[in-house]
Amino acid sequence: MASQPWLYGFGFGIRQAQVVTPEHAARIIAQAQNPLMIIGSECEIRLPSGMRIIDYAIEIAKIKNIPIIVTTGIIKEVREVYENCRHMFLMEIFRKLINPNWNLNGKPHDLAIFIGHIYYMISHLLTATRHFAKHLKTLSLDRYYQPNVNFSLQNQPLLNVYEITLKKIVNTLRGLVGTQ
Amino acid sequence: MKRNLRFRIDESSIGMLSLKDLEVTIEEVVREVQGPTPMPTLGTLRRWDMILLNRYRPFYMPACDYCCLCTYGKCDLSEGKRGACGIDIRTQQARIVALACAIGAATHCAHARHLVEFLIHKYGRDHKLDLGPEINIVAPNTMLVTGIVPKTLGDLEKALEYVEREITKALCSIHTGQEGYYLDYESKALHIGMLDHVAMEVADIAQIAALNFPKGEEEQPFVELGLGLIDYTKATILCIGHNVSDGAEIVEYLDKSGLKKIDLVEIAGLCCTAHDISRHTHGESKIIGPISHQLKYIRMGFADTIVIDEQCINIKVVEEARKVMSPVIACTDKVMHGLPDLTDLPADEIVKLLASGKYPGAAILDEEKVGEVAVKLALRMAVIRGKYKKIPTLEELKKEVERCVRCHSCRRNCPQDLPISDAIYELKKGNPDLLRKVAEYCLGCGRCEDACPRQIPIISLMIAVLERELPNERYRIRIGRGPIRDTEIRAVGRDIVLGQIPGVIALVGCANWPRGARENAIMAREFARRGFIVVATGCAAMAIGMMKDEEGRTPYEEFGDAFDRGCILNIGSCVANAHISGALIKIANIFAGRNIIGNYEEIADYILNRVGACGIAWGAMSQKAASIATGFNRLGVPVIVGPHGVKYRRMLLGDEEDYERWLAIDMRTGKRIYVGPAPQHLIYSAETLEECMVMAVKLCIRPSDTPQGRAIKLAHYIDLYKKFYGKLPPDLHLFIRSEADIPVTYKQEVLEYLREVGWKPWEYISTDVTLVDRIYEKYRGGKKSTE
């Protein structure tokens, strides 16, 4: 179950994402030259500590000043705490992601990090980057294994387990970026 | 064709002459010439398609890396590889899109064929297609595409023959080793979508004319809607599907036999057949709801007889009906569900056989016999099966819940990814709240139950937790009014084209909603309050009716049903979608005087550039929805689908930053000028309700907007975007041609923003543009040439 698509029938292809540990995910983020983070409509799910997925996403982004794209109205709140953010609709983001010349800051992006998305929607959208965005690596920090990225966390149906994972990513990344 | 002028003099005197009750009709015979493309074949409108596809490029989401359509394969098409036949991943996606559209269009076409043959058999080939005194353009899609101006039921057969021929050709192109370029498959998909609108129109105008449906009149009566429509005292016939022929025969049998007067039998419908029976009975039947209510209602056991016709029928219907001893009658040879064909037996014998339980149901391929058997059987079964008519209670199902081990199989099989396992676990602990919430979003497909290793009846549990609420699930919806009248188009066409009515929003499609039915009602209300014209069909039209305001009114009770600013219209069933495209075509004809006969490219170009309209298929699920949307796209109408819509695997998206894509020909000078990204996309999947509303408003922007019209549209765009996302839209400057376009209420803020982004007024603005050289040539210099 750990590395099977969370929803049955969502195994799309021959190549599926490599399962990564929280530490490995943090290393991928730390090593990226110009990552960006895309936060979806399920980012407001509250975790056992009272923090939400969006709060961890912002913490991760802050460590490396990763530009954030938020797809929903939570952008109003994100703007208050993190300047390097903007709002864009998910479909339009993907249309831009498959264009190797598109970027947010004048340099090509080499990693797109996804977190807080509707599983069935993002799974299909990610088939577009998988097939048509060879210039880009993709990493899913969502709660469920996402086959259509390059790197994905394993399935973590229990929220407390997922929260521990997110904390580990934050802490490991902090350590890695601090030493760079 | 004719245009009528009518006037009436109640009482008047001129000199010696006195007049009383004089009604005069002047028929102006307008000679419309045959346009350049009557009955276009697969390649005829390819040039128009390529214009669209150059601007709105296909964005593919390959749902499968393989092609498995022939025995060469499976062929792996990933990483740039090609199949054994040579196909690549893009072409394969476009091919599957074309295939989905072909399935959808064929379904409507076969539906139309059945109806037309049935109605010709009953009423004769010469039965007039009379849609009332205010509708002279009876069949705008048929006229536009085929060049035929149908007058009788018999004439519709010619249109259907054309559609059938073209669908067969399009389907043939999908065979291995045929079409080889993705944009050509996209062109074929657009062609098939266009055909679908002809097929739908044929079906609906045939049934309107022959079965006495409403003919576009306003203030249609209300009909009851909802799962709570439970009447223990009557025999209930539940009709599921889309084809009204059998439902109409049931109604006729009740009339003829005198049973209607006794009022012992109730006809309830599920899915589009419910709309059409209510149109036929003018509100004397009931609508249980959309397709998502199907399993739930069957399991509640209130159907004494279930009649299935065609489309959107749950494949488990016979199995489910058997559990509650409801016999099933299948009425078309397309949908027989393994049931014995008892058509040749006398009606009473069929009733006896089915009531005995010997068979779970029967196929009866004779509409008249279906009418008689359904009524007699329901009356008989109502006596026999009283114990099944009850909502299951939690107490009864308590033991079932205990078996849950929280393995998550239910959730992982749920198309919505609903937290069913958590909800059952909570229920096990005595808290039904989460399951109640899950039930609200549930599509009623039953996949969770099939996946459960402990066979827990999850759908029954959802019904049980709502046991107390279900009887209150009763709403009111207006019956489907059918076409938009020519007089209505005359009244509002100008305001739509100039932008003073901000747009026509069509809420259509199936019940695969991401967060329950309510979102349709929320959108309909919001748009109507903002002065849009909201039209609705199918399951979406039902969903709009399934939410009450503080005063207990549904949106249909709150707003009028004229084709006018701030109204919400139930147009009817799926096939009534053709009246929405038809209304847009009629705007080009009635307001702008464009010939519509066999003149597709010109009218589509007109609609794309001038008619602010946007479809929303928030729960689009079926292949029919794919072909309907694609037909709208070819006609120049953008469509938004919900998050599940990405599973159609292809969107048509514009790139707002690519200047070249937004050039058009100025009709005055012939120069290619920038018109801005309007409309920005042709088919687009939105993640959330908020995004959908913002995008729909934006997709109503057209180059033809006057400054006042553009300012109105931008005011809505800014207002909604700011409300949901807190700032001015980041692409706002692309839609402002001059300062006159800026909404007064946001003037200062927008001017400041424009300064920040370095906006400059456009050098040249034209509201009269085309994408087609031929059309400029035709109207060069503002004068119509002799073409």
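Parameters and conventions
- One numbering rule holds for all chains: residues counted from 1, following each sequence as written.
- Key to labels: chains lettered from A, ligands numbered from 1, both in the order written.
- Since the coordinates come from a predicted model, pLDDT governs what is reported: local features require at least 70, and pairs of side-chain atoms require 80 or more to be given and counted, while whole-chain, interface and lining totals use all residues.
- The side-chain numbers reported here are obtained from all heavy atoms of the structure, hydrogens and water having been left aside.
- Secondary structure counts use DSSP, requiring at least four H or I residues in a row for a helix and at least two E residues in a row for a strand, with both numbered from the N terminus.
- Using C-alpha atoms as the atom set, the radius of gyration is obtained and then compared with a globule rule of 2.2 Å times the number of residues to the power 0.38.
- Accessible area is worked out with a 1.4 Å probe on protein chains only. A residue is then buried under 20% of its type maximum, exposed over 50%, and partly exposed in between.
- Residues count as neighbours in contact if any of their non-hydrogen atoms are within 4.5 Å of one another.
- The definitions used throughout rest on a 1 Å grid laid over the protein atoms alone, on which a cavity is an enclosed set of points accommodating a 1.4 Å probe that cannot get out and a pocket is an open set flanked by protein within 12 Å on both sides along at least five of seven lines; lining residues are those having an atom within 4 Å of a point.
- Grid points are joined across faces, edges and corners, and a volume is the space filled by probe spheres set on the points.
- In the scheme used here, Gly and all other residues not listed as nonpolar or charged are polar, with Ala, Val, Leu, Ile, Met, Phe, Trp, Tyr, Cys and Pro taken as nonpolar and Asp, Glu, Lys and Arg as charged.
- Geometry of aromatic contacts follows a simple scheme: Phe, Tyr and Trp rings, the Trp one being its six-membered ring, pair when their centres are within 6.5 Å, and the pair is stacked under 30 degrees between planes, edge-to-face over 60, tilted otherwise.
- Counted as salt bridges are all cases of a side-chain nitrogen of Lys or Arg within 4 Å of a carboxyl oxygen of Asp or Glu.
- Being paired, for any two strands, means DSSP has found at least two bridges between them.
- Simply put, the buried area is the total loss of 1.4 Å probe accessible area from both parts when two parts are fitted together.
- Polar contact is defined as a pair of N or O atoms within 3.5 Å, subject to the rule that within protein one atom must be able to donate a hydrogen and the other to accept it, and that residues adjacent in sequence are counted only when both atoms are side-chain atoms.
- Expected helix span is taken as 1.5 Å per residue step, with the number of steps being one fewer than the number of residues.
- Lines fitted to the C-alpha atoms define the axes, with helices restricted to the stretch that makes contact. Angles between their N-to-C directions range from 0 to 180 degrees.
- Each angle gets one of four labels, with under 35 degrees taken as roughly parallel, over 145 as roughly antiparallel, 65 to 115 as roughly perpendicular, and the rest as oblique.
- Each residue carries a pLDDT value, the predictor's own confidence for that position, ranging from 0 to 100.
- For any helix crossing, the convention is left-handed if the near helix is rotated counterclockwise from the far helix by under a right angle, and right-handed if that rotation is clockwise.

S.K.: Quick question: what am I supposed to make of the overall build of chain A here?
M.R.: When its secondary structure is counted, chain A shows six helices and seven strands. Beginning at the N terminus, the succession of helices and strands in chain A can be written as β-α-β-α-β-α-β-α-β-α-β-β-α. In terms of C-alpha radius of gyration, chain A reaches 15 Å, essentially the compact-globule figure of 16 Å for 180 residues. Taken along the three principal axes of its C-alpha coordinates, chain A extends 40 × 40 × 35 Å. By the burial criterion, 62% of the 180 residues in chain A qualify as buried. Put simply, 67% of the contacts in chain A that link residues at least 6 apart link residues at least 24 apart.

S.K.: When you look at empty space enclosed by the protein in this model, what are you seeing that I'm missing?
M.R.: In this approach the atoms are scanned with a rolling probe the size of a water molecule, which exposes any empty space left behind. Residue and element names in this part refer to chain B. Tallied over the full model, the rule gives ten cavities of 30 Å³ or more. By volume, the largest cavity amounts to about 120 Å³. Taken together, 17 residues line the largest cavity, and the ones lying closest to its centre are Ala506, Val508, Gly615, Phe632 and Val639. Those elements giving two or more residues to the lining of the largest cavity turn out to be strand 14 (504–507), helix 23 (577–591), strand 17 (613–617) and helix 25 (623–634). A breakdown of the residues in the lining of the largest cavity according to their chemical character gives 14 nonpolar, three polar and no charged.

S.K.: Would you mind showing me how to read the packing of aromatic side chains here?
M.R.: Centre-to-centre distance and the angle between the planes together describe a pair of aromatic rings. Residue and element names in this part refer to chain B. Per the stated rule, a full pass over the model turns up 15 aromatic pairs over all chains. Consider the rings of Tyr60 and Tyr182, whose centres lie 6.0 Å apart with planes at 75 degrees: the pair is edge-to-face. With a gap of 122 residues between them, Tyr60 in strand 3 (residues 57–60) and Tyr182 in helix 5 (residues 182–211) connect regions that are remote in the sequence. Look at Tyr182 and you get partly exposed, because its relative accessible area is 22%. For the ring pair Tyr717 and Tyr721, a centre distance of 6.4 Å and an interplane angle of 65 degrees mean the geometry is edge-to-face.

S.K.: Looking at this model, I keep getting lost on the pairing of strand 15 (residues 533–537) of chain B. Mind explaining?
M.R.: Every other side chain in a regular strand lies on the same face of the sheet, so the side chains alternate between the two faces. Across the five residues of strand 15 of chain B, five count as buried, placing the element largely inside the fold. Burial along strand 15 of chain B is two-sided: the residues B:Ile533, B:Val535 and B:Thr537 and B:Val534 and B:Ala536 are all buried.

S.K.: What should I look at first to understand the pattern of salt bridges in this one?
M.R.: Oppositely charged side chains may form a pair once their charged atoms are brought near each other. All told, the structure shown has 78 salt bridges over all chains when counted by the stated rule. In this structure, the salt-bridge partner of B:Glu656 is A:Arg95, at a minimum N-O distance of 2.8 Å. One end of the pair, B:Glu656, is in the loop between strand 19 (650–653) and strand 20 (663–666); the other, A:Arg95, is in helix 4 (residues 90–97), on a second chain. With relative accessibility at 10%, the residue B:Glu656 sits in the buried group. Residue class for A:Arg95 comes out buried when judged on its relative accessible area of 12%. Between B:Asp549 and B:Arg553 there is a salt bridge; the shortest N-O distance is 3.0 Å.

S.K.: Explanation requested: the environment of A:Phe132 in the structure shown.
M.R.: Tracing the sequence through the fold places A:Phe132 in helix 5 (residues 119–132). Linking A:Phe132 and A:Leu97, residues 35 residues apart in sequence, is a C-alpha distance of 9.1 Å. Filtering out sequence-adjacent residues up to four positions away, A:Phe132 remains in contact with A:Ile98, B:Tyr60, B:Pro62, B:Ile89 and B:Arg90.

S.K.: Would you mind going over unusual backbone geometry with me for this structure?
M.R.: Phi is mostly negative for residues that are not glycine, and the peptide bonds are mostly trans. All names here are of chain B. The step from Gly73 to Lys74 runs through a cis peptide bond, and the omega angle for that step is 15 degrees. By the element assignment, Lys74 lies in the loop between strand 4 (66–67) and strand 5 (75–76). Omega for the bond connecting Ala678 with Pro679 falls within 30 degrees of zero, at -10 degrees, which places this linkage in the cis form. A positive phi is found at Met325, a non-glycine position, where the angle reads about 60 degrees. Tracing the chain through its elements places Met325 in the loop between helix 10 (317–323) and strand 11 (328–330). A relative accessible area of 29% means that Met325 is categorised as partly exposed.

S.K.: Just checking my understanding: could you explain the sheet that holds strand 2 (residues 35–39) of chain A for this structure?
M.R.: Two orientations exist for strands paired in a sheet by backbone hydrogen bonds: parallel and antiparallel. All names here are of chain A. Read across the open sheet, the seven strands follow the order 1-7-6-5-2-3-4; overall the sheet is parallel. At either margin of the open sheet sits one strand with a lone partner, and together these are strand 1 (18–19) and strand 4 (85–87). When strand 6 (residues 137–140) meets strand 7 (residues 151–152), the two strands line up parallel, connected through two bridges. Looking at strand 7, one finds that Ser140 is bridged to Ser152.

S.K.: What is the right way to look at the interface of chain A and chain B in this model?
M.R.: A common way to express how large an interface is: the accessible area buried when the components associate. Listed by partner, the interface residues are 44 residues for chain A and 52 residues for chain B. Each partner contributes to the roughly 4,000 Å² buried at the junction of chain A and chain B, and carbon and sulfur atoms together form 58% of this total. Where B:Glu656 meets A:Lys96, a salt bridge forms, and the shortest distance between an N and an O atom there is 3.1 Å. Between chain A and chain B we count 21 residue pairs in polar contact (both at pLDDT 80 or more) in total. Among the secondary structure elements, those contributing two or more residues to the side of chain A that touches chain B are helix 3 (75–81), helix 4 and helix 5 of chain A. With ten residues, helix 5 of chain A is the largest single contributor of residues to the side of chain A that touches chain B.

S.K.: Whenever I open this one, helix 12 (residues 367–384) of chain B confuses me. Can you help?
M.R.: In an α-helix, one turn spans 3.6 residues, which is why side chains three or four residues apart end up on the same side. All names here are of chain B. The end-to-end C-alpha separation of helix 12 is 25 Å, in line with the 26 Å expected for 18 residues at 1.5 Å each. Where helix 12 is concerned, the buried positions are Glu367, Lys369, Val370, Gly371, Val373, Ala374, Val375, Leu377, Ala378 and Met381. Where helix 12 begins, the side chain of Asp366 points an oxygen toward the backbone nitrogen of Glu368, at a separation of 3.0 Å.

S.K.: Please clarify how the sheet that holds strand 20 of chain B should be interpreted in this entry.
M.R.: Residues and elements named next belong to chain B. Read from one edge to the other, the open sheet built from three strands follows the order 21-20-23, with strand pairing classed as antiparallel. For this open sheet the edge positions go to strand 21 (672–674) and strand 23 (769–770), each flanked by a neighbour on one side alone. Here three bridges tie strand 20 to strand 21, and the two strands are oriented antiparallel to one another. Paired with Ala664 across the two strands is Ile673, which belongs to strand 21.

S.K.: In this structure, what is going on with the packing of helix 1 (residues 46–55) of chain B against helix 24 (residues 600–610) of chain B? I would like to understand it.
M.R.: Relative placement of two packed helices is described by the angle separating their axes and the distance separating the axes. Residue and element names in this part refer to chain B. For the pair helix 1 and helix 24, the least separation of the axes is 10 Å and the interaxial angle reads 25 degrees. Taken as axis vectors, helix 1 and helix 24 run roughly parallel relative to one another. Contacts from Arg47, Trp48, Leu52 and Arg55 in helix 1 reach Tyr600, Glu601, Ala604, Asp605 and Leu608 in helix 24. Residues belonging to the contact of helix 1 with helix 24 are distributed by class as follows: five nonpolar, no polar and four charged.

S.K.: What am I meant to see in the confidence of the model for chain B here?
M.R.: Within chain B, residue pLDDT values average 94, and 95% of them lie at 70 or more. Confidence estimates for the predicted assembly give a pTM of 0.95 and an ipTM of 0.97.

S.K.: When you look at the layout of surface pockets in this model, what are you seeing that I'm missing?
M.R.: All names here are of chain B. The volume enclosed by the largest pocket comes to roughly 1,200 Å³. In this structure, the largest pocket is lined by 45 residues; those nearest its centre are Asn512, Ala620, Met621, Ser622 and Gln623. For the lining of the largest pocket, the secondary-structure elements that each account for two or more residues are helix 2 (89–123), helix 17 (447–451) and helix 25. For the lining of the largest pocket, the class distribution of residues is 25 nonpolar, 13 polar and seven charged.

S.K.: Which parts of the structure should I look at to understand the packing of helix 1 of chain B against helix 5 of chain B?
M.R.: Residue and element names in this part refer to chain B. Following both chains from N to C, one finds helix 1 and helix 5 inclined at 110 degrees, their axes separated by 9 Å at the closest point. If you check the angle between helix 1 and helix 5, you find them roughly perpendicular. Crossing handedness for the pair helix 1 and helix 5: right-handed. Two secondary-structure elements touch here, helix 1 through Arg46, Asp49, Met50 and Leu53 and helix 5 through Leu183, Asp184, Glu186, Ser187 and Leu190.

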